[in-house]
Amino acid sequence: MTGATVSRSVGGAAPGTQSADAFTQVELTHIEKRLENWIRFGREVREHVLDRRRRVFFYQPGSVFAFVRWASNDFGTITSRIDIVRAVAPGEPYQTLPFVRPGGEILLRIEGWPKVESVLQHIDAIEAIGIDATEVSPEHWRHVHNRLTVGHEPRAYTVDQHQAFLLCQRAEP
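Summarised in this report is the structure supplied together with it. (Residues numbered from 1 in each chain as written. Predicted model: local features only at pLDDT ≥ 70, side-chain atom pairs only at ≥ 80, totals over all residues. Heavy atoms only, no water.)

Comments concerning the nonpolar core
- Phe41, Ile82, Ile84, Leu108, Val119, Ile123 and Trp141 are the most contacted members of the largest nonpolar core, which has 22 residues in total.
- When contributions to this core are tallied by element, the ones reaching two or more residues are strand S6 (64-73), strand S7 (76-87), strand S9 (100-111), helix H1 (113-128) and helix H2 (138-149).
- Per element, the largest residue contribution to this core is five residues, and it comes from H1.
- In this structure, isoleucine 82 is in contact with Ala66, Phe67, Val68, Leu108, Arg109, Ile110, Val116, Val119, Leu120 and Ile123, ignoring residues within four places of it in sequence. (Core = buried A, V, L, I, M, F, W, Y, C linked by side-chain atoms within 4.5 Å. Buried < 20%, exposed > 50% of the residue type's maximum accessible area, 1.4 Å probe, protein only. Helix = DSSP H or I, 4+ residues; strand = E, 2+ residues; numbered from the N terminus. Contact = heavy atoms within 4.5 Å.)

Printed below as a string of structure tokens:
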């Protein structure tokens, strides 16, 4: 394969209007049955294809995405994890995360396939009631993280809860 790269823009600002430093960048790699990084939800504004197996997604500050990482070797799964992250603006404090530059505000961090699967099912349930997972209250993702970390079932996210969150957002200056 050559060193050529391909970029495509998905909505948002034109690729040349903001520097790459203004965005949170997530590198995705897919090596069949060895290493798979993917985005479960999120609205990238740009994608940069590095080669057949690697690409980089760019997220605007404030956007939320779910980043899933899975790796295995000849003996089985080594790691599986999901992180729900809010992209940060330049100069804003952030937490570091592998494959995410510079980092982000981590709303949820879960490791181990049974718990990761539970988060994926929770996301499916939210989407099933007609709510875009990128618009869910950050406090709810923290709740899910805390409950699963101690082995408890998280409470369901409801339409009423979402409407209350949206009203609070509109009321903020």
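Re the environment of valine 56
- With respect to the helices and strands, the residue valine 56 is situated in strand S5 (residues 54-59).
- In sequence terms valine 56 and threonine 24 are 32 residues apart; their C-alpha atoms lie 9.9 Å from each other.

So, the pairing of S6
- With eight of its 10 residues buried, S6 lies for the most part within the structure.
- Summarising the sheet, strand S3 (residues 35-41) and S6 pair through six bridges and their orientation is antiparallel. When the bridges of S6 are listed, tryptophan 38 appears paired with valine 68.
- Alignment of S6 against S7, held across 10 bridges, turns out to be antiparallel. Bridged to serine 72 within S7 is threonine 77.
- Linking S6 to S7, which pair antiparallel, is a turn of two residues. (Pairing = 2+ DSSP bridges.)

With respect to the pairing of strand S2 (residues 24-31)
- Burial runs high along S2: six of the eight residues are buried.
- Relative to S5, S2 runs antiparallel, the two being bridged by six bridges. Among the inter-strand pairings, glutamine 25 is bridged to a residue of S5, identified as phenylalanine 58.
- Bridging between S2 and S9 involves two bridges; their strand directions are antiparallel. From the neighbouring strand, glutamine 25 faces S9, where its bridge partner is arginine 101.
- Alignment of S2 against S3, held across two bridges, turns out to be antiparallel.

Concerning the environment of valine 159
- Note on placement: valine 159 falls in helix H3 (residues 159-171).
- Taking the C-alpha atoms as reference, valine 159 lies 7.7 Å from isoleucine 131; in sequence the two are 28 residues apart.
- Excluding anything up to four places from it in sequence, valine 159 contacts Ile129 and Ile131.

Examining the packing of H1 against H2
- Between H1 and H2, whose axes approach to 11 Å, the crossing angle comes to 145°. As for the relative orientation of H1 and H2, their crossing is right-handed in sense. Residues Lys115, Ser118, Val119, His122, Ile123 and Ile126 of H1 form the contact with H2, whose own contacting residues are His140, Trp141, Val144, Leu148 and Thr149.
- Here the residues of the contact of H1 with H2 sort into six nonpolar, four polar and one charged. (Axes fitted to C-alpha atoms, helices over the stretch in contact; angles between N-to-C directions. Left-handed = near helix turned anticlockwise from the far one by under 90°. Nonpolar A, V, L, I, M, F, W, Y, C, P; charged D, E, K, R; others polar.)

No statement about biological role is implied by the geometric values presented.
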